[in-house]
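One letter stands for each residue in the lines below.
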Amino acid sequence: MHAPIAGYAGKIALFTTHALVCTVYQRDRYAPQPNRKVCILTITHDRIMKKKWEDYRAPGYFDELITEQGNPRIAARKLVNHFSKLSDAEMSEFFAAAELAIREMGISFTVYSEGSNIDRSWPMDIIPRIIRASDWRRVSAGLIQRSKALNAFINDIYNRQKILADGVIPAEIVLDSGNYRPECAGVSPKHNVWAHICGTDLVRDSDGQFYVLEDNLRVPSGVSYMLENRVVTKRVLPELFEDCSVQPVSDYPLRLFKMLSSLSPRARKRPCVVVLTPGIYNSAYFEHAFLAQGMGAALVEGNDLFVGDDECVYMHTVAGPERVDVIYRRIDDDFIDPEVFRPDSALGIPGIMRSWKKGKVAIANAPGCGVADDKVIYAYVHKMIRYYFNEEPLTRSVKTYLCHDAGDRDYVLENIAELVVKPANESGGYGIMVGPHSSKAKHKEFARLIEENPRNYIAQPTVALSTAPTYCDGEIQPRHLDLRPFILQGADSWVTPGGLTRVAMRKGSLVVNSSQGGGSKDTWILER
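Within any chain, residue numbers begin from 1 and follow the written order of that chain's sequence. This being a predicted model, a pLDDT of at least 70 is required before a residue's local features are given, and a value of 80 or more before pairs of side-chain atoms are given or counted; all residues contribute to the totals for chains, interfaces and linings. Heavy atoms from the whole structure form the basis of all side-chain values; hydrogens and water molecules are not counted.

Visitor: How should I be thinking about the confidence of the model for the protein chain in this particular structure?
Guide: Where the model shows low pLDDT, its predicted coordinates should not be examined in detail. pLDDT is defined as a per-residue confidence score from the predictor, taking values between 0 and 100. Chain-level pLDDT for the protein chain is 87 on average; 87% of the residues reach the 70-or-more range. When the criterion is pLDDT under 50, residues 1–46 qualifies, and its contacts beyond four places in sequence or with other chains add up to 38 contacts. Any two residues whose heavy atoms approach within 4.5 Å at even a single point are treated as in contact.

Visitor: Could you clarify how one ought to interpret the sheet that holds strand E14 (residues 401–402) in this entry?
Guide: The strands that make up a sheet pair up through hydrogen bonds in the backbone, lying either parallel or antiparallel. Between any two strands, at least two bridges found by DSSP are needed for them to pair. A run of H or I in DSSP becomes a helix once it reaches four residues, and a run of E becomes a strand once it reaches two; helices and strands are each numbered from the N terminus. Taken together, the 4 strands give an open sheet; going across it, the order is E14-E17-E15-E16, and neighbouring strands pair in antiparallel fashion. Across the chains shown, the open sheet's two edge strands, defined by having one partner strand only, are E14 and strand E16 (433–434). Taken together, the 2 bridges between strand E15 (residues 419–423) and E16 define a ladder with antiparallel strand orientation. Its bridge partner being in E16, Val420 is matched across the sheet by Val434.

Visitor: How do you make sense of the packing of helix H10 (residues 252–261) against helix H11 (residues 285–295) when you look at a structure like this?
Guide: When two helices pack together, their arrangement is given by the angle between their axes and by how far apart the axes lie. Close contact between H10 and H11 brings their axes to 8 Å; oriented N to C, the two are set at 80°. On the basis of the axis angle, H10 is roughly perpendicular to H11. Between H10 and H11, the residues in contact are Tyr252, Pro253, Leu256, Phe257 and Leu260 and Leu291, Gly294 and Met295, respectively. By residue class, the composition of the contact of H10 with H11 is 7 nonpolar, 1 polar and no charged. Axes, fitted as lines to C-alpha atoms, cover a helix only where it is in contact. Angles between the N-to-C directions of the axes lie from 0 to 180 degrees. Under this scheme an angle from 65 to 115 degrees is roughly perpendicular, one under 35 degrees roughly parallel, and one over 145 degrees roughly antiparallel; angles in between are oblique. In the scheme used here, Gly and all other residues not listed as nonpolar or charged are polar, with Ala, Val, Leu, Ile, Met, Phe, Trp, Tyr, Cys and Pro taken as nonpolar and Asp, Glu, Lys and Arg as charged.

Visitor: What am I meant to see in the sheet that holds strand E8 (residues 305–307) here?
Guide: Read across the sheet, 3 strands follow the order E8-E9-E10 without closing on themselves; strand pairing throughout is antiparallel. Only two strands of the sheet have a single partner each, and these edge strands are E8 and strand E10 (322–323). With 2 bridges connecting them, strand E9 (residues 313–315) and E10 associate as antiparallel partners. Of the residues in E10, the one forming a bridge with Met315 is Glu322.

Visitor: I tried to follow the pattern of salt bridges on my own but got confused; where do I start?
Guide: Working definition: two side chains of opposite charge can pair if their charged atoms are close together. Think of a salt bridge as a Lys or Arg side-chain nitrogen and an Asp or Glu carboxyl oxygen that are within 4 Å of each other. Within this structure, the stated rule accounts for 34 salt bridges. Across the pair Lys52 and Asp88 runs a salt bridge, and its minimum N-O distance is 3.2 Å. Taken together, the positions of Lys52 in helix H2 (residues 36–55) and Asp88 in helix H4 (residues 88–105) put the pair 36 residues apart, joining distant regions of the chain. Burial classification: accessible surface area is computed with a 1.4 Å probe over protein chains only, and a residue below 20% of its type maximum counts as buried, one above 50% as exposed, and the rest as partly exposed. Here Asp88 falls in the partly exposed class, since its relative accessible area comes to 27%. Put simply, Glu452 and Arg448 hold a salt bridge, and the shortest N to O gap is 3.2 Å. In this pair, Glu452 and Arg448 are both assigned in helix H17 (residues 440–452), 4 residues apart and thus about one turn of the helix distant.

Visitor: Just to check I follow, could you spell out the side chain of Ser147 for this structure?
Guide: If you trace the backbone, Ser147 turns up in helix H5 (residues 133–157). Those residues in contact with Ser147, other than ones at most four positions away along the chain, are Ile487 and Gln489.

Visitor: Any chance you could explain H4 here in plain terms?
Guide: Because an α-helix completes one turn every 3.6 residues, residues spaced three or four positions apart along the sequence face the same direction. Compared with an ideal rise of 1.5 Å per residue, which puts 18 residues at 26 Å, H4 spans 26 Å between its outermost C-alpha atoms and is within 8% of the ideal. For H4, the set of buried residues is Glu90, Met91, Ala98, Ala101 and Ile102. Seen along its axis, H4 keeps its buried residues to an arc of 125°; they face one direction. Exposed residues lying more than 90 degrees from the buried face of H4 are Arg103 and Glu104. Gly106, located one to two residues past H4, shows a positive phi value of around 70°. By this rule, a helix spans an expected 1.5 Å times one less than how many residues it contains. What the arc measures is the spread of directions leading from the helix axis to the C-beta atoms.

Visitor: How should the pairing of strand E5 (residues 210–216) be read in this particular structure?
Guide: Here is the key point about a regular strand: its side chains alternate between the two faces of the sheet. Extensive coverage of E5 is indicated by the burial of 7 of its 7 residues. Relative to E5, strand E4 (residues 197–204) runs antiparallel, the two being bridged by 6 bridges. When the bridges of E5 are listed, Gly199 appears paired with Asn216. The loop that links E4 with its antiparallel partner E5 comprises 5 residues; one of these, Gly208, has a positive phi angle of about 80°.

Visitor: Hey, could you run me through the packing of aromatic side chains in this one?
Guide: In this description, a pair of aromatic rings is defined by centroid distance and the angle of the planes. Ring pairs shown here join Phe, Tyr and Trp side chains whose ring centres sit within 6.5 Å, with only the six-membered ring taken for Trp; geometry is labelled stacked below 30 degrees between planes, edge-to-face above 60, and tilted in between. Applying the stated criterion to the full structure yields 14 aromatic pairs. Here Tyr158 and Trp194 contribute two aromatic rings whose centre-to-centre distance is 4.9 Å and whose plane-to-plane angle is 25°, an arrangement assigned as stacked. With Tyr158 in the loop between H5 and helix H6 (162–165) and Trp194 in the loop between helix H7 (171–175) and E4, this pair connects stretches of sequence that are 36 residues apart. Trp194 shares its class with Tyr158; the two are buried. For the ring pair Tyr252 and Trp494, a centre distance of 6.2 Å and an interplane angle of 40° mean the geometry is tilted. Placement of Tyr252 in helix H10 and of Trp494 in strand E21 (residues 493–495) is noted, with a sequence separation of 242 residues between them.

Visitor: Sorry, what's going on with the environment of Ile157 here?
Guide: Tracing the backbone through its elements, the reader meets Ile157 in helix H5. Separated by 212 residues in the primary sequence, Ile157 and Cys369 place their C-alpha atoms 10.0 Å from one another. When neighbours within four sequence positions are excluded, Ile157 is seen to be in contact with Ile163, Leu164, Val174 and Tyr180.

Visitor: Explain the packing of helix H8 (residues 223–236) against H11 to me, please; I cannot follow it from the model alone.
Guide: Closest axis-to-axis distance for the H8/H11 pair is 9 Å, and the angle between their directions is 70°. By the criterion of interaxial angle, the relationship of H8 to H11 is roughly perpendicular. Here H8 contributes Val223, Ser224, Tyr225, Leu227 and Glu228 to the contact with H11, which in turn contributes Phe286, Glu287, Phe290 and Leu291. Class assignment for the residues of the contact of H8 with H11 results in 6 nonpolar, 1 polar and 2 charged.

Visitor: Got a minute to help me understand the nonpolar core in this structure?
Guide: It is characteristic of soluble globular proteins that their nonpolar side chains tend to be buried jointly. Formed by 74 residues in total, the largest nonpolar core has its most connected members in Phe153 and Ile154. If you tally residues by element for this core, the top one is H5, at 9 residues. When sequence neighbours within four positions are dropped, the list of residues in contact with Phe153 reads Ile163, Ile169, Val174, Val371, Ala372, Ile377, Met384 and Tyr388. With 60 residues, the next largest nonpolar core counts Ile127, Phe257, Ala292 and Ala364 among its residues. What makes a nonpolar core is a set of buried Ala, Val, Leu, Ile, Met, Phe, Trp, Tyr and Cys residues whose side-chain atoms join them at distances within 4.5 Å.

Visitor: Whenever I open this one, the environment of Thr467 confuses me. Can you help?
Guide: With respect to the helices and strands, Thr467 occurs in strand E18 (residues 467–472). In sequence terms Thr467 and Arg129 are 338 residues apart; their C-alpha atoms lie 9.7 Å from each other. Contacts of Thr467, omitting those with residues within four sequence positions, involve Tyr56, Ala58, Tyr61, Phe62, Asp63, Glu64, Pro478, Arg479, His480 and Leu481. Among the polar contacts listed, one links the side chain of Thr467 to the side chain of Asp63, at a separation of 2.7 Å. Polar contacts, as counted here, are pairs of nitrogen or oxygen atoms within 3.5 Å of one another; within protein the pair requires one atom able to donate a hydrogen and one able to accept it, and residues that are adjacent in sequence qualify only if both atoms are side-chain atoms.

Visitor: Before we go on, may I ask you to explain the pairing of strand E20 (residues 486–489) in this structure?
Guide: Burial of the side chains of E20 extends over both faces: Phe486 and Leu488 are buried on one face and Ile487 and Gln489 on the other. Here E20 pairs with E21 via 3 bridges, running antiparallel. Bridging from a neighbouring strand, Leu488 pairs with Trp494 of E21. Where E20 hands over to E21, the hairpin turn is made up of 3 residues, counted between the paired strands.

As structure tokens, then:
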């Protein structure tokens, strides 16, 4: 119960929720005169937050919600109008409610630091990112085209190698890659698909166009956080969510299971699908458990599975061995089979490669698919699309300089202070140097690394990553972001409506990885 308002107007600043404002107006309806002091205080709080939105600018960058003139983009009008009506205290309360929901739901990720594992709550900003459905349809078509081309390339490389024979891509670039697995030669998985789940990183430049920054084909992660971001948003902002036509993402586990089932070597109504995890100490273990539960699949470790005398894979159960049809593996190639790759691996299943090569079990993503998950190979994807499909790429790629090429290498070394330099096979934001944000000593260090091993490095221009309004330290501030949608490919192809928006939470930073201090946002694809 609230205390009677009459005589307590001076204390109204302690209560700032809209619910109390409504109570005030109901009580004043029966008062001899309106309590003008209370109303003025409330309006003042609303105007403070509204002014923060009116003053918001991100000069020099494409902002996802606000135009250069400071007006909400058409698709973002409802969202901006909603947030601009909140008081500072209400905004803080929503932020606190989101953090509480994340803790209660147990959404976490693991950071490796100085030999120890640190579990942290998932960092999420409560202001969603909005993309028009008409824009997303074009992006989706481009991602499906790209995924099909990458799979055609992988299947070609492990079989006829026609693209190499025709000189479209230099053979040494592919065959000398650390991700090329000669043990996979001669295999053609079902549907000729190797990379069944792909996480493609997209960025928007200052021109407002989406560009592919890189392809993640080996063990792409992050989709569980995309799904949990949506759950948190619906909890914290239910009225706003209901008022907007947001395309759903909650059916991802069902679509994932359907895609994996299409890979089964046996014709069964419900194949036996398992999720293979390295264990609880893996940084993505939360996601492994989340997806297994969402699909109704068993979450297993290597010692839960074995290869029988018939070359089939079986799972230990209380009822005895059960044959496994499809393994959604979240383990790197090196550790999946100690008979073939690292003999000291305690994470894999001895003989699983034999079973897979004989078609007795399906593995997603297939061993060896990492040959296309190489930042040097990235530079040739547009040629793959033209070569295999005789089509023009529907999505743009960021200009890439290959340091093994003498001309490109000279350009990179001369302009290293202006470029982003990346190792060819690292992930998670590790080993990257952002030239404009790095010291001269760091420039010299990377110049030396490039000269020592040019094949291992590529460079790209510093993309003016788009921004979005983000709640930081009680203010609405622009922060840079990217987007990781997920593409499923089996018998059919499908792209998530949106994806995981990752945010560089530090002012001016371009590094969005959670392991490097980044955060995230819910991504809304709006029909109107």
